[in-house]
Amino acid sequence: MATDKELSDFLKGVERRAFKQAAYAVRTDEAALDVVQDSMIKLAEKYGDKPAAELPLLFQRILQNTIHDYFRREKTRNTWVTLFSSMGSATQENEDFDILETFQAEKGTTAAESGSDKMEREQILAIIDEEIQKLPSRQREAFLMRYWHDMDVAETAESMGCSIGSVKTHCSRATHALAKALKAKGIGL
């Protein structure tokens, strides 16, 4: 069972990584802060009685679920905005009013992207995911832990059960292989 201090120390230690991961996923700092805060509250309320060793994996799963919940809520909100905008144009007294014309999406959000930008981003992400899946298992594991989950070299080494030097070698080989494969497909990052 984790003590209050262990739980607090864990949350302090994971805060920056969780924020980076959430910000990368939801693309706005405000939404990322909300996602991380909700995740931390859920962990403390529902899993605070678990052993300290189980907290990292529990938190990661909660964070992923909270990010998915965010996208589900956004999809529902967008559906309602679309429905209300079509209802508003059907009334005779305000024929010129369209709620979508007054709604401005924030720059840098997926709502502000054009259809072609969104399609291009999704295609590039699919290609990157495909190339990551082609990596040897140890390289893929090290790469994802270091650069997706933002774990440091020592944490990755401990989790993988290998030396720090092995993690560095696996990550180096993975990044070179990915860069070469993506360059061959005309993608420069």
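The coordinates are above.
In this convention, every chain numbers its residues from 1, walking through the sequence in written order. Residue-level local features of this predicted model are given only where pLDDT is at least 70; pairs of side-chain atoms are given and counted only at 80 or more, and the full residue set underlies all totals for whole chains, interfaces and linings. Only hydrogens and water are set aside when side-chain values are computed; all heavy atoms of the structure are taken into account.

*Asks:* Summarise the overall build of the chain; cite the residues concerned and give the values.
*Replies:* For the chain, the count of helices and strands is 8 helices and 0 strands. Helices and strands appear in the chain in the N-to-C order α-α-α-α-α-α-α-α. Throughout, exposure labels follow a simple rule: accessible area from a 1.4 Å probe, protein chains only, divided by the maximum for the residue type, with under 20% read as buried, over 50% as exposed, and the rest as partly exposed. Out of the 189 residues belonging to the chain, those deemed buried represent 28%. Should any heavy atoms of two residues lie within 4.5 Å, those residues are considered in contact. If you take every contact in the chain between residues at least 6 apart in sequence, the share linking residues at least 24 apart comes to 59%. Put simply, the chain shows about 12900 Å² of open surface, and 54% of that area lies on carbon and sulfur atoms. Runs of H or I in DSSP of at least four residues are treated as helices and runs of E of at least two as strands, each being numbered from the N terminus. Methods summary: accessible areas were calculated by the Shrake-Rupley approach with a probe of 1.4 Å, and residue burial reflects only the protein chains presented.

*Asks:* Lay out helix α1 (residues 4-26) in plain terms, naming residues and giving numbers.
*Replies:* Take the seven residues that end at a residue and the seven that start at it, fit an axis to each, and the angle between those axes is the bend at that residue. Taking the largest bend as the criterion, α1 deviates by roughly 45°, centred on E15. Of the positions making up α1, those classed as buried are L7, F10, L11, V14, A18, Q21, A22, A23 and V26. Of the residues trailing α1, R27 is marked for its positive phi of about 70°.

*Asks:* A description of the side chain of H170 should follow, citing residues and the corresponding values.
*Replies:* Counting through the fold element by element, H170 comes out in helix α8 (residues 164-184). Residues contacting H170, with those up to four places away along its chain left out, are R138, Q139, A142 and M160.

*Asks:* Tell me about the state of the cysteines, and name the residues and values.
*Replies:* Any cysteine sulfur atom paired with another within 2.5 Å is treated as part of a disulfide. Counted according to the given criterion, the structure contains 0 disulfides. The thiol of C162 is unpaired, and the distance to the nearest cysteine sulfur, on C171, comes to 9.2 Å. Among the residues examined, C171 registers a relative accessible area of 4% and is labelled buried.

*Asks:* So what's going on with a negative patch on the surface? Which residues, and what values?
*Replies:* Taken together, the side chains of D29, E30, D34 and D38 make up a negatively charged region of the molecular surface. Along the polypeptide, D29 turns up in helix α2 (residues 29-47). Exposure above 30% relative accessible area and the lack of any salt bridge qualify a residue for a patch; like charges then connect within 9 Å, and the nonpolar side chains Val, Leu, Ile, Met, Phe, Trp and Tyr within 5 Å. We count a salt bridge whenever a side-chain nitrogen from Lys or Arg sits within 4 Å of a carboxyl oxygen from Asp or Glu. When charges are counted, Lys and Arg are positive and Asp and Glu negative, with His and the chain ends excluded. Here the site of a charge means NZ on Lys, CZ on Arg, CG on Asp, or CD on Glu.

*Asks:* Lay out the packing of helix α6 (residues 137-148) against α8 with the relevant residues and their values.
*Replies:* Across the interface, α6 lies against α8 with an axial gap of 8 Å and an inter-helix angle of 95°. Overall, the two elements α6 and α8 adopt an arrangement that is roughly perpendicular. Side by side, α6 and α8 meet where R138, Q139, A142, F143, R146 and Y147 of the first sit next to V167, H170, C171, R173, A174, T175 and L178 of the second. Grouping the constituent residues of the contact of α6 with α8 by class yields 7 nonpolar, 3 polar and 3 charged. Note on geometry: axes are C-alpha line fits, over the in-contact stretch for helices, and angles between N-to-C directions span 0 to 180 degrees. With respect to orientation, any angle under 35 degrees is reported as roughly parallel, any angle over 145 as roughly antiparallel, any angle of 65 to 115 as roughly perpendicular, and every other angle as oblique. Ten residues, namely Ala, Val, Leu, Ile, Met, Phe, Trp, Tyr, Cys and Pro, are considered nonpolar, four, namely Asp, Glu, Lys and Arg, are considered charged, and the remaining ones, Gly among them, are considered polar.

Coordinates in, geometry out; function isn't part of it.
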